[in-house]
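Coordinate analysis (summary)
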Amino acid sequence: MIKRILLFLLQLIAFAVLLMIGGYWDFVRLYLQFKQPALNVIPLWKFHISANYDLVANGIFFAAILLVLILIFEALRKRLRPWATLSVLAFVLAVVVSLFARLGLPPSHS
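An account of the accompanying structure is given in this report. (Residues numbered from 1 in each chain as written. Predicted model: local features only at pLDDT ≥ 70, side-chain atom pairs only at ≥ 80, totals over all residues. Heavy atoms only, no water.)

1. So, the overall build of the chain
The criterion, for reference: The secondary structure listing takes helices from DSSP runs of H or I that are at least 4 residues long and strands from runs of E that are at least 2 residues long, numbered from the N terminus. Think of it in three bands: residues with accessible area under 20% of the maximum for their type are buried, residues over 50% are exposed, and the middle band is partly exposed, with areas taken using a 1.4 Å probe on protein chains only. Shrake-Rupley sampling with a 1.4 Å probe provides the accessible areas, and residues are treated as covered by the protein chains on show and by no other component.
Across its full length, the chain holds four helices and two strands. In the chain, the succession of α and β elements from N to C terminus is α-α-β-β-α-α. Overall, the C-alpha framework of the chain stretches about 50 × 35 × 20 Å when taken along its three principal axes. Taken across its 110 residues, the chain has 27% of its residues classed as buried. Approximately 7600 Å² of the chain is accessible, and the part contributed by carbon and sulfur atoms is 74%.

Here it is, written out as structure tokens:
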């Protein structure tokens, strides 16, 4: 039981970190352009929400890719049933909390 709780919390933290990094991907991408121009391969997915905010959806894509990798790993280990629901719940909870905290919504400067 403790193992499931710790794994849930670890996944929740990993999803939250990816959502935060992806939410500010425009700044990370700008920094990478100056330091290593050849590493600029991940595009910026930005959606206009309101007059002051744009949703940078890179974090949702990064976390979704991690979720798919976790589910593939669990399926290969044949332990999909008890763990998959906890992984999906951690993903959904991290996305909802990050949207409420506006981690993917940096202020628009245009």
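2. Comments concerning the nonpolar core
In globular proteins that are soluble, nonpolar side chains generally tend to be buried together. Using the following cut-off: To define a nonpolar core, start from buried Ala, Val, Leu, Ile, Met, Phe, Trp, Tyr and Cys residues and group those joined through side-chain atoms within 4.5 Å. The contact definition used throughout considers only heavy atoms, calling two residues in contact when any of these lie within 4.5 Å.
Within the largest apolar cluster, 10 residues are counted, these being Phe8, Phe15, Leu19, Ala63, Leu67, Ile70, Ala90, Phe91, Ala94 and Val95. Contributions of two or more residues to this core are made by α1 (2–23), α3 (58–76) and α4 (80–100). It is α4 that provides the largest number of residues to this core, a total of four residues. Ignoring any residue separated from it by four or fewer positions in sequence, one finds Leu67 in contact with Phe15, Ser87, Val88 and Phe91.

3. Considering the packing of α1 against α4
A pair of packed helices is characterised by two quantities: the angle between their axes and the separation of those axes. The following threshold applies: Lines fitted to C-alpha atoms define the axes, with helix axes restricted to the stretch in contact, and inter-axis angles between N-to-C directions lie between 0 and 180 degrees. Angular relationships are summarised with four words: roughly parallel below 35 degrees, roughly antiparallel beyond 145, roughly perpendicular across 65 to 115, and oblique for the angles in between. Working rule for handedness: look at the near helix, and if it is turned counterclockwise from the far one by less than a right angle, call the crossing left-handed; if clockwise, right-handed. Polarity classes work like this: nonpolar for Ala, Val, Leu, Ile, Met, Phe, Trp, Tyr, Cys and Pro, charged for Asp, Glu, Lys and Arg, and polar for all others, with Gly in that last group.
Close contact between α1 and α4 brings their axes to 9 Å; oriented N to C, the two are set at 40 degrees. Looking at the two axes, α1 sits oblique to α4. Crossing geometry of α1 relative to α4 is assigned as right-handed. Contacts between α1 and α4 involve Lys3, Arg4, Leu7, Phe8, Gln11, Leu12, Phe15, Ala16 and Leu19 on the former and, on the latter, Pro82, Trp83, Leu86, Ser87, Leu89, Ala90, Phe91, Leu93, Ala94, Val95 and Ser98. A per-class count over the contact of α1 with α4 returns 15 nonpolar, three polar and two charged.

4. Structural notes on a nonpolar patch on the surface
To keep it simple, the criterion reads: Candidates for patches are residues over 30% relative accessible area with no salt bridge; among them, like charges are joined within 9 Å and nonpolar side chains (Val, Leu, Ile, Met, Phe, Trp, Tyr) within 5 Å. Here, a salt bridge means any Lys or Arg side-chain nitrogen found within 4 Å of an Asp or Glu carboxyl oxygen.
A surface patch of nonpolar side chains, amounting to about 550 Å² of accessible area, comprises Met1, Ile2, Ile5, Leu6 and Leu9. For Leu6, a relative accessible area of 54% corresponds to the exposed category.

5. Some words on the environment of Gly59
If you trace the backbone, Gly59 turns up in helix α3. Residues Gly59 and Pro37, 22 residues apart in the sequence, show an inter-C-alpha distance of 21 Å. Ignoring sequence-local partners within four residues, the contact set of Gly59 consists of Leu18, Leu19, Gly22 and Gly23.

6. Quick look at the packing of α3 against α4
α4 packs onto α3 with a crossing angle of 175 degrees between their chain directions and a minimal axis gap of 10 Å. Classed by the angle they form, the pair α3 and α4 counts as roughly antiparallel. Here Ile60, Ala63, Ala64, Leu67, Ile70, Leu71, Glu74 and Ala75 of α3 come into contact with α4, specifically with Leu80, Trp83, Ala84, Ser87, Val88 and Phe91. The residue makeup of the contact of α3 with α4, split by class, is 12 nonpolar, one polar and one charged.

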